[in-house]
Amino acid sequence: MLSRACTLSAARAARAAGAVAAVSSARFSTAAPAAGGAVGFIGLGQMGHHMAKHLRSKTDAPFVVFDKSGDAVSRFCAEAGQAVDVAASPAELARQSSVIVTVLPESAHVQEVYSGSGGILEGIRAGALCIDSSTIDTSVSADVSRQVIAAGGRAVDAPISGGIMGAQAGTLTFMVGSEDDADFERARVHLAKMGKNVVRCGALGAGQAAKICNNLLLAISMVGTAEAMNLGVRLGLDPAVLASIVNTSSGRCWASDTANPVPDVIPTAPSSKGYSGGFKTRLMLKDLGLVATAARDSKTPLLLGALAENIYRHMSSSPELADQDFSVVYKWLAGRQDA
């Protein structure tokens with residue numbers, strides 16, 4: 001029979017997360033953190049949910065989560081398969097944790113979770129390591145890291161590549177920026193539980209720089225793949241045959257061989273699932289905005305990048321396309337009849 005303390009802890013966490021339905025307390029543990037502290041995870045969205053499941057399954061220390069969405073917390077706790085504590089705020093999570101991983105959508109969310117009211121910095125333990133795997137503005141990332149260090153913690157930026165499929169499979173690539181090798185090595189222990197490749201890119205902010213460069217190329221290559229596939233289909237080619245040619249020739253890329261934008265060419269691709277379950281068009285537009293800012297600050301010309309941003313901005317103006325996987329650019333192109 002569950003203890004009263006356990007039941008109350010679950011209900012309090014559910015209310016704090018804004019849950020409509022009560023969260024099942026059977027999945028929660030209220031055991032005190034070990035001497036070394038718990039592992040905390042903030043952000044149980046499409047990427048974070050799968051990342052946290054991998055990290056929880058390979059972590060012996062107490063595990064604490066926080067998310068504003070009660071539904072996201074409920075789902076994670078139901079699927080985790082192991083005891084999970086739920087914090088009422090980022091500050092409460094920080095008080096328990098020696099390692100904190102954050103995976104959040106935008107710069108403003110990261111700033112709020114770290115330095116806002118009830119944020120991580122209000123409860124951070126001395127020497128606690130904060131690993132931010134969000135994709136945000138490089139200047140914001142560096143500023144948040146400096147705040148963590150000034151508060152007595154340690155920080156690395158570790159944005160991710162590999163998409164939802166990589167998060168599910170545990171094959172993500174982490175691009176890490178850190179103040180020194182010691183922080184990187186400490187973070188690598190935890191990142192390796194969620195991904196396949198963990199690479200130190202340089203000083204604080206270098207991980208974010210590498211990530212936006214990668215996503216710039218990804219956006220351009222997806223548009224190019226969609227254009228080539230659309231042309232081939234209109235010329236009478238079977239898209240599966242065309243894809244097989246491209247993927248054994250010089251045009252091969254991730255957009256063609258893993259996330260091909262034509263439905264039913266690759267069964268596991270978002271395009272074959274109604275363009276669902278992938279990286280949303282509006283999030284690609286957000287990342288291209290980060291690219292544009294970095295390019296402007298560094299006086300770097302963007303020719304194809306600017307065109308790709310315009311394409312995804314136009315697509316994001318459609319509520320339907322904005323929340324579908326960014327490979328839906330093929331569907332958008334296929335519906336056009338330009339001269």
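Summarised in this report is the structure supplied together with it. For clarity, every value in this text was computed on a predicted model and none was experimentally measured.

1. So, the layout of surface pockets
Line of reasoning, step 1. Roughly 1,100 Å³ of volume is contained in the largest pocket.
Line of reasoning, step 2. What lines the largest pocket is a set of 46 residues, among which Met-47, Val-103, Ile-160, Phe-279 and Leu-283 lie closest to the centre.
Line of reasoning, step 3. When contributions to the lining of the largest pocket are tallied by element, the ones reaching two or more residues are helix H2 (46-57), helix H5 (107-115), strand S7 (160-161), helix H8 (163-169), helix H10 (206-234), helix H12 (254-257) and helix H13 (281-298).
Line of reasoning, step 4. The element best represented in the lining of the largest pocket is H10, accounting for six residues.
Line of reasoning, step 5. Tallied by class, the residues present in the lining of the largest pocket amount to 21 nonpolar, 16 polar and nine charged.
Line of reasoning, step 6. Taken domain by domain, the lining of the largest pocket gets at least three of its residues from each of domain 1 (4-203) and domain 2 (209-338).
Line of reasoning, step 7. Taken as a whole, the second largest pocket holds about 180 Å³ of empty space.
Line of reasoning, step 8. Every residue along the wall of the second largest pocket is listed here: Val-223, Glu-227, Asn-230, Arg-234, Ile-311, Trp-332, Leu-333, Arg-336, Gln-337 and Asp-338.

2. Observations regarding the pairing of strand S6 (residues 154-157)
Line of reasoning, step 1. Residues of S6 alternate between two faces, with Arg-154 and Val-156 on one and Ala-155 and Asp-157 on the opposite face, all of them buried.
Line of reasoning, step 2. Pairing of strand S5 (residues 129-132) with S6, which is carried by four bridges, proceeds in the parallel orientation. Paired with Ile-131 across the bridge in S6 is Val-156.
Line of reasoning, step 3. The parallel pair S5 and S6, bridged by helix H7 (residues 138-150), forms a crossover whose chirality is right-handed.

Conventions we followed
- Residues numbered from 1 in each chain as written.
- Predicted model: local features only at pLDDT ≥ 70, side-chain atom pairs only at ≥ 80, totals over all residues.
- Heavy atoms only, no water.
- 1 Å grid on protein atoms, 1.4 Å probe; cavity = no way out; pocket = protein on both sides within 12 Å on 5 of 7 lines; lining within 4 Å.
- Points joined across faces, edges and corners; volume = space filled by probe spheres on them.
- Helix = DSSP H or I, 4+ residues; strand = E, 2+ residues; numbered from the N terminus.
- Nonpolar A, V, L, I, M, F, W, Y, C, P; charged D, E, K, R; others polar.
- Domains from an automatic or database assignment.
- Buried < 20%, exposed > 50% of the residue type's maximum accessible area, 1.4 Å probe, protein only.
- Pairing = 2+ DSSP bridges.
- Right-handed = clockwise from strand over helix to strand, strands pointing away.

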